[in-house]
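Chain by chain, the residues run as shown.
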Amino acid sequence: MTEPPAAAPAPDLAPAAAVAPGGALGRVFRNAGKLLGGKVAAGLIGLVYLSLGARTLGPTDFGLLVSINFYALLVGNFCVLQGWHTLVRYGSGDLMTQHPEDFVALWRYVAKIEIASGAAAIVLCAALSGIVGRHLGWPDSIAALAVLYSLAIISNTQTTPAAVLNLFGRFDLLSFQQASGPLVRLIGAGLAWWLDGGLTGFILAWLVGSILEGLIQWALGLGELHRRGLLRQPRERAAAMAIRQRHPGIIKFLLTNNLDIGLTDASNRITPLAVGALLTPAAVGLYHVALRIGMVLQQPMLIISRTVYPELAAIAARGERARLRRLVLRTGAISMAGGIVLVGAFALIGRWLLTTIGGAGFDAAYGLLLLIAVARTVHLLGVPVGSARAAPGRPDPTLTTNLIASLGLLPVLYLLLQAFQLEGAGLHALAYAVVTVGALIVALLRLPPDPPKTA
């Protein structure tokens, strides 16, 4: 008599926010600390390959390299429907209620949307690269490489597996992944320098790094799902329709949240393209070196966004609006205090950093660097505020704010670049930060009070 087959082990569905000890604020910064190592490593590696490219190519060719990169990132930001917020927002409920089949169906649904939109973005980016290149001064010798660089959009299609790692508290894997792409770019940039590959070699190095960064994230996310037994869940017929019925408004949330993210990132992507169109490719090179140094302040923004959102989503689901406001304002204030310290450091050693990383002549971007640093510090307060507005499943207020600021300040960017040249880009970044963060804080403070508790 044969033994019946052993039952498959039950999937491990414990979300990080449900099992981690301590309060929400403590979990936010504890998880942020886990990610910080990867961000610091990625930032340092990024500065090394950035310095190698800037010193080897000079401001003009380096400006061409980064303008190609910014163009691909801009198309990816607007066209790829990233699933991170959607999976965390709706998937956390499935995990807390122990419904593996619902969570896996949602994950597959969101992943398909992200991958399909990424493929469409690559095609669009390649198709328009010739037209864009003529306006940005790209020479004919790199036209084919600019088309090929559209594949860098693969790095934009990694948020769904990142959401899986975030939900299950695998910040160690997220930290590892953050350093993988920059490390590949560094190795490639070193080879381009050693072999005297010039602009072509550096373009290919950055491209390979972007592709591998996305693929590694998918490998880690799928590996975590497999480890928890979730990939064994059967596929559900008509899953897309069932998910839309189970989560009314999910499509609107996905679209509005991605447009919101796209508009937020557009300010960083459009500005260097405007600098290239209105000034020179060399000015783009100066802008990018200043921006990358200022991105030391952006890393806490990204870390806090990733770690605070699951906490805010759980608090919002319980209707605890007063607690949500307190967590947001305390998180933002602590982050902004650290940013002010870094702004002071940039004021003291900014010129040295610019010439050390970029080489002779790059200290012309000192004023721009200080303006970017101040703008990033203001954004540190706004990141948790924006997450709080999106956590209840209603990103509309942040979308409206970013839409008005992005479109309304475009003419201002043109005027500032004409009047102040390179520093005009920094003034635009500061104006955008003040407008968006101020509007989000007002919206947060106007949230209605908690409903009265019933006996």
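This section reports on the structure supplied with the text. (Residues numbered from 1 in each chain as written. Predicted model: local features only at pLDDT ≥ 70, side-chain atom pairs only at ≥ 80, totals over all residues. Heavy atoms only, no water.)

### Overview of the overall build of the protein
For step 1, the next point in the chain: Secondary structure assignment for the protein yields 17 helices and zero strands.
For step 2, the next point in the chain: The buried share of the protein, taken over its 455 residues, is 54%.
For step 3, the next point in the chain: Taking the contacts inside the protein whose residues are at least 6 apart along the sequence as the reference set, 86% of them involve residues at least 24 apart.
For step 4, the next point in the chain: Counting only carbon and sulfur atoms, one obtains 68% of the accessible surface of the protein, whose full area is about 19,200 Å². (Helix = DSSP H or I, 4+ residues; strand = E, 2+ residues; numbered from the N terminus. Buried < 20%, exposed > 50% of the residue type's maximum accessible area, 1.4 Å probe, protein only. Contact = heavy atoms within 4.5 Å. Areas by Shrake-Rupley, 256 points an atom, 1.4 Å probe, with all protein chains shown as cover.)

### Looking at the state of the cysteines
For step 1, the next point in the chain: Taken as a whole, this structure holds zero disulfides when the rule is applied.
For step 2, the next point in the chain: In this structure Cys79 is a free cysteine whose sulfur lies 8.7 Å from that of Cys125, the closest cysteine sulfur available. (Disulfide = S-S within 2.5 Å.)

### What to know about the side chain of Asn258
For step 1, the next point in the chain: Its location among the elements puts Asn258 in helix H10 (residues 250–278).
For step 2, the next point in the chain: Note on Asn258: relative accessible area 4%, which makes it buried.
For step 3, the next point in the chain: Of the polar contacts made by the side chain of Asn258, one reaches the backbone nitrogen of Gln82; its length is 2.6 Å.
For step 4, the next point in the chain: Dropping the residues within four chain positions of it, Asn258 is found in contact with Asn77, Val80, Leu81 and Gln82. (Polar contact = N/O pair within 3.5 Å; in protein donor to acceptor, adjacent residues only side chain to side chain.)

### Observations regarding the pattern of salt bridges
For step 1, the next point in the chain: Enumeration according to the criterion identifies four salt bridges in this entry.
For step 2, the next point in the chain: Its salt-bridge partner being Arg170, residue Glu224 comes within 2.9 Å of it at the nearest N-O pair. Here the residue Glu224 occupies a position in helix H8 (residues 198–227), and Arg170 occupies one in the loop between helix H6 (159–167) and helix H7 (171–194), the gap between them amounting to 54 residues. Across the pair, Arg170 and Glu224 agree in class, each one buried.
For step 3, the next point in the chain: One salt bridge connects Arg228 with Glu224, and the closest N-O pair in it is separated by 2.7 Å.
For step 4, the next point in the chain: By relative accessible area, which is 9% here, Arg228 ends up buried.
For step 5, the next point in the chain: Under the relative-accessibility criterion, Glu224 is labelled buried at 2%.
For step 6, the next point in the chain: Ionic contacts of the salt-bridge type, sharing partners, join the residues Arg170, Glu224, Arg227 and Arg228 into one network. (Salt bridge = Lys/Arg side-chain N within 4 Å of Asp/Glu carboxyl O.)

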